[in-house]
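Remarks on the overall topology
Below are the chains, spelled out letter by letter.
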There are 2 protein chains.
Amino acid sequence: MIIALDAMGGDAAPDEVVRGAYLALERSSARILLIGDEEKIHRCLSVGPHPPALDILHAPHAVGMGEIGPLALRKKKPSSLSVAIQQLAQGSVDAVVSAGNSAAIVATATHTLGLLQGVKRPALAAAVPSLHGHVLLADAGAHTQSNSLHLAQTLCLTLSYLRRRFGAEHPRVGLLNVGRESTKGPKVIRDAAALLTQASVPFEGFVEPHEIFSGEVDAVVCDGFLGNALLKLLEGVGEALRVSRTAAVGGKHGSWASRLAGAELSAAPLLGLGKPVLVAHGRSRAKEVANAVLAAEKLVESAVLQMMAEDTELIERLAALRSQDALWRLGRWSRRWRKTLSKAETDKGGGP
Amino acid sequence: MIIALDAMGGDAAPDEVVRGAYLALERSSARILLIGDEEKIHRCLSVGPHPPALDILHAPHAVGMGEIGPLALRKKKPSSLSVAIQQLAQGSVDAVVSAGNSAAIVATATHTLGLLQGVKRPALAAAVPSLHGHVLLADAGAHTQSNSLHLAQTLCLTLSYLRRRFGAEHPRVGLLNVGRESTKGPKVIRDAAALLTQASVPFEGFVEPHEIFSGEVDAVVCDGFLGNALLKLLEGVGEALRVSRTAAVGGKHGSWASRLAGAELSAAPLLGLGKPVLVAHGRSRAKEVANAVLAAEKLVESAVLQMMAEDTELIERLAALRSQDALWRLGRWSRRWRKTLSKAETDKGGGP
């Protein structure tokens, strides 16, 4: 198994990425292909003897953290990221891990690898510590804005992921909203709930953000802007717990705060692709990069993303329902217009 | 001073509201006017001797927690909430406190009391424990969707509130976004930043959610959906800290976690109105209701909301800039259309 690692992605690249590769190789049986500026990588490699399972592929250009995702795609010079994804598309590597610009990763992966049948967009699924383990948050930042079909499809992808990855028979997934009542929240979320109900998708209805940690649901679905904001707020909570030196004392779940405070910024897989692409946090240090590589290894071993390709029936049904709905709306409007027009004709007295 | 208290608003109304009134009167010199179903209030009043500073106004109807705000307004039967706001508009009371349906409170207050000069919408300003005190979050849920002008105006209202309420000479207020780079986040937030820069409003640019607690800013501004979601997530963090029995041990800011865990759900004032209306959390118990009444008393004493009426210059300038921008866009389009039309005329060979 070969994991491609984008050496130029992340705030501390390439130093921390190279150190992360070293760390990962200590615990992993996979080969790692470091993709990036060869000279810079070699300078970092002096930190230790060259491990035999480490290869390097030269790709000197990097995508900046502030670049706009789809624009990064159109560049003529291939970046370390685009080379990595290309390698994955060709089957030369089994997974890609990058801590770089997430918008660029999403755009490049979507464009180069394509999406599962019927899927409109991929979604990032990030794990957040809950009182009894973890809860998934999707979309954690792949796209900043979503329509109701995107939200509904992300929910189906999450259901499929929970089933295939953790063997959960009846995963409980809810739509994140600011109230449980059907009148609450933005229209797009209410429409997504209606679409899911119409397609008979087994979901838990609306879930409020304060219910995330209690373990009532296995995952919550929201648009990528909200997901990313919530994730970053939790990061801030973890930092504040560290700064205020809060320790967990006693209690059955005494370790929640310490888990949150010590939470390594875990890598999130992109759901909706047929091949594993993991987005690590931009601020990842060597330890987090290593964890991301190990997570990629597990994902490849379990062949989850490939198996998810068999679960696209619901996803296609959602898209069909949405199209039907759009057609029905169009039909209603055209009937109205026709009526108005014929009335105007009659009022004119028939004929010019 | 008379504080009107909506006895029928909140999940535990009227019991906890009446008990809250009792608690507040122990610590306050204001009179309290309980507005709601007289019979139900009297049933709760048996909890103790009738305090001399407590009055009751009969208004039997209540707004349900699931009702849509603007629809609640159109009801023929006056609710406890609409009677309370009416009393405030007439000047019979000095402030209104309600733990009821926040959308209904916002709609009724906006409609009955009107807004400050140039303000398009009111915003809820909620206080969140930071490492060094508190940080304000606005809008915390008055409206679920916002355009760039709403966001920019909320920022100005927050600046004015911080100046008038806490005497901060140079309050630091940022726009909440998922990145500091100007390319990050939804267009509406980037447009709001551009508008604020154009109007020379002193603001801190984009602030990320993980930076809220560090004390770098005094307030963050976002749309009401995100604000409400973040607030509820923090509530969930507080609950999880309580459940996992995490105690703060040592450290200079050792009390942050305990402050968050013990955070009474504080009431938020509606900024943008000329008179004090405070929205208490729907799940408020007696203690929180009492705190909301005391907060209302302080707000009345300091005459903050009245003084904010003098700070509307920036707010009006923002609206003017936005209109200019809209006019300019319209102009550009009409010039384009005219050009296309005259070209079509010329192509036809001039004349039919």
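Residues numbered from 1 in each chain as written. Chains lettered and ligands numbered in written order. Predicted model: local features only at pLDDT ≥ 70, side-chain atom pairs only at ≥ 80, totals over all residues. Heavy atoms only, no water.

Below, the discussion takes up the overall build of chain A. Summing up its helical and strand segments, chain A has 12 helices and 12 strands in all. Taking the intrachain contacts of chain A between residues at least 6 apart in sequence as the baseline, contacts between residues at least 24 apart amount to 72%. Total accessible area on chain A stands at roughly 15,400 Å², and carbon and sulfur atoms take up 53% of it. Side-chain charges in chain A split into 39 positive and 34 negative, and the spacing between the mean points of these groups amounts to 7 Å. (Helix = DSSP H or I, 4+ residues; strand = E, 2+ residues; numbered from the N terminus. Contact = heavy atoms within 4.5 Å. Areas by Shrake-Rupley, 256 points an atom, 1.4 Å probe, with all protein chains shown as cover. Lys, Arg positive; Asp, Glu negative; His and termini not counted. Charge placed at Lys NZ, Arg CZ, Asp CG, Glu CD.)

With that settled, the discussion passes to the relation of the copies chain B and chain A. For these two chains of identical sequence, chain B goes onto chain A by a turn of 180 degrees and a shift of 0.1 Å along the axis, with RMSD 0.1 Å. Considering both components of the superposition, the chain copies are consistent with a two-fold axis. A symmetric contact is evident, with 100% of the interface residues of chain B recurring at the interface of chain A. (Least-squares fit on C-alpha atoms with pLDDT ≥ 70 in both.)

On to the sheet that holds strand S6 (residues 133–138) of chain A. All names here are of chain A. If you walk across this open sheet you meet the 11 strands as S3-S2-S1-S4-S12-S11-S5-S6-S9-S7-S8, and the pairing is mixed. The open sheet is flanked by strand S3 (54–58) and strand S8 (206–207), the only strands paired with a single partner. Sheet topology places strand S7 (residues 173–176) next to strand S9 (residues 219–221); 3 bridges connect them, and they run parallel. Pairing of Leu-175 across the sheet is with Val-221, part of S9. Those strands touched by helix H2 (residues 38–45) are strand S2 (31–36) and S3, and its axis lies near 150 degrees from that of S3. Taken strand by strand, helix H4 (residues 80–90) contacts strand S1 (2–6), S2, S3, strand S4 (95–98) and strand S12 (277–279), and its axis lies near 140 degrees from that of S2. (Pairing = 2+ DSSP bridges. Axes fitted to C-alpha atoms, helices over the stretch in contact; angles between N-to-C directions.)

Moving on, we come to the interface of chain B and chain A. Opposite the 49 residues of chain B that make contact, chain A presents 49 residues. Buried area between chain B and chain A, summed over both chains or domains, comes out near 4,000 Å², and the portion from carbon and sulfur atoms is 74%. The largest per-residue losses of area from chain B upon contact with chain A belong to His-210, Phe-225 and Leu-233 of chain B, which jointly make up 17% of the total buried on that side. The closest approach of N and O atoms between Lys-232 of chain B and Glu-208 of chain A, which form a salt bridge, is 2.8 Å. Linking chain B to chain A there are 6 residue pairs in polar contact (both at pLDDT 80 or more). Of all elements in the fold, only helix H8 (224–243), strand S10 (246–248) and helix H9 (256–261) of chain B reach the threshold of two or more residues within the side of chain B that touches chain A. In terms of residues, the side of chain B that touches chain A owes the most to one element, H8 of chain B, which gives 15 residues. Of the residues that constitute the side of chain B that touches chain A, the class distribution is 25 nonpolar, 16 polar and 8 charged. (Buried area = accessible area lost by both parts, 1.4 Å probe. Salt bridge = Lys/Arg side-chain N within 4 Å of Asp/Glu carboxyl O. Polar contact = N/O pair within 3.5 Å; in protein donor to acceptor, adjacent residues only side chain to side chain. Nonpolar A, V, L, I, M, F, W, Y, C, P; charged D, E, K, R; others polar.)

Bringing unusual backbone geometry into the picture now. Note that the residue after Ala-138 of chain A, namely Asp-139 of chain A, is joined by a cis bond; omega there is -5 degrees. As for its placement among the helices and strands, Asp-139 of chain A is situated in the loop between S6 and helix H6 (148–166). Although it is not a glycine, Ala-303 of chain A sits at a positive phi angle of roughly 55 degrees. Relative to the helices and strands, Ala-303 of chain A is located in the loop between helix H10 (286–302) and helix H11 (304–308). Located in the positive-phi region is Ser-200 of chain B, a residue other than glycine, with phi close to 55 degrees. Relative to the helices and strands, Ser-200 of chain B resides in the loop between helix H7 (187–198) and strand S8 (206–207).

Residues and elements named next belong to chain B. Read across the sheet, 11 strands follow the order S3-S2-S1-S4-S12-S11-S5-S6-S9-S7-S8 without closing on themselves; strand pairing throughout is mixed. Unpaired on one side and paired on the other, strand S3 (54–58) and S8 mark the two borders of the sheet. In this structure, strand S6 (residues 133–138) lies alongside strand S9 (residues 219–221), joined through 3 bridges in parallel fashion. Across the sheet, residue Leu-137 finds its bridge partner in S9, namely Val-220.

This next bit is on the confidence of the model for chain A. Residues and elements named next belong to chain A. The share of residues in chain A with pLDDT of 70 or more is 92%, and the mean pLDDT across the chain is 87. Within chain A, the element-level pLDDT minimum falls on strand S10 (residues 246–248), averaging 50, and the maximum on S9, averaging 97. Here residues 247–254 scores under 50 on pLDDT; set against residues more than four positions off or in separate chains, the count is 18 contacts. (pLDDT = per-residue confidence, 0-100.)

Another point: the nonpolar core. One finds Leu-175 of chain A together with Leu-175 of chain B to be the most contacted residues of the largest nonpolar core, which totals 182 residues. In contact with Leu-175 of chain B, not counting residues within four places along its chain, are Leu-155, Ile-189, Ala-192, Ala-193, Leu-196, Phe-203, Gly-205, Phe-206, Val-207 and Val-221 of chain B. (Core = buried A, V, L, I, M, F, W, Y, C linked by side-chain atoms within 4.5 Å. Buried < 20%, exposed > 50% of the residue type's maximum accessible area, 1.4 Å probe, protein only.)

We now examine the pattern of salt bridges. A side chain with one charge may pair with a side chain of the opposite charge, provided their charged atoms come close. Residue and element names in this part refer to chain A. A complete count under the given rule lists 30 salt bridges over all chains for this structure. Close ionic contact of Arg-31 with Asp-55 constitutes a salt bridge, the shortest N to O distance being 3.0 Å. Within this pair, whereas Arg-31 is found in strand S2, its partner Asp-55 is found in strand S3, the two being separated by 24 residues in sequence. Look at Asp-55 and you get partly exposed, because its relative accessible area is 28%. For Arg-317, the salt bridge is made with Glu-313, and the minimal N-O distance between the two is 3.2 Å.

Frequently, the measure chosen for interface size is the accessible area removed from exposure when the parts meet. Residues and elements named next belong to chain A. We note that the domain assignment places domain 1 (1–114 + 273–302) and domain 2 (122–264 + 310–334) within chain A. On a C-alpha basis, the centres of domain 1 and domain 2 stand 27 Å from each other. Counting residues at the interface gives 12 residues for domain 1 and 10 residues for domain 2. For the pair domain 1 and domain 2, the summed buried area comes to about 880 Å², and 55% of that belongs to carbon and sulfur atoms. The largest contributions to the domain 1 side of the interface with domain 2 come from Val-106, Arg-283 and Leu-299, which together make up 37% of the buried area. (Domains from an automatic or database assignment.)

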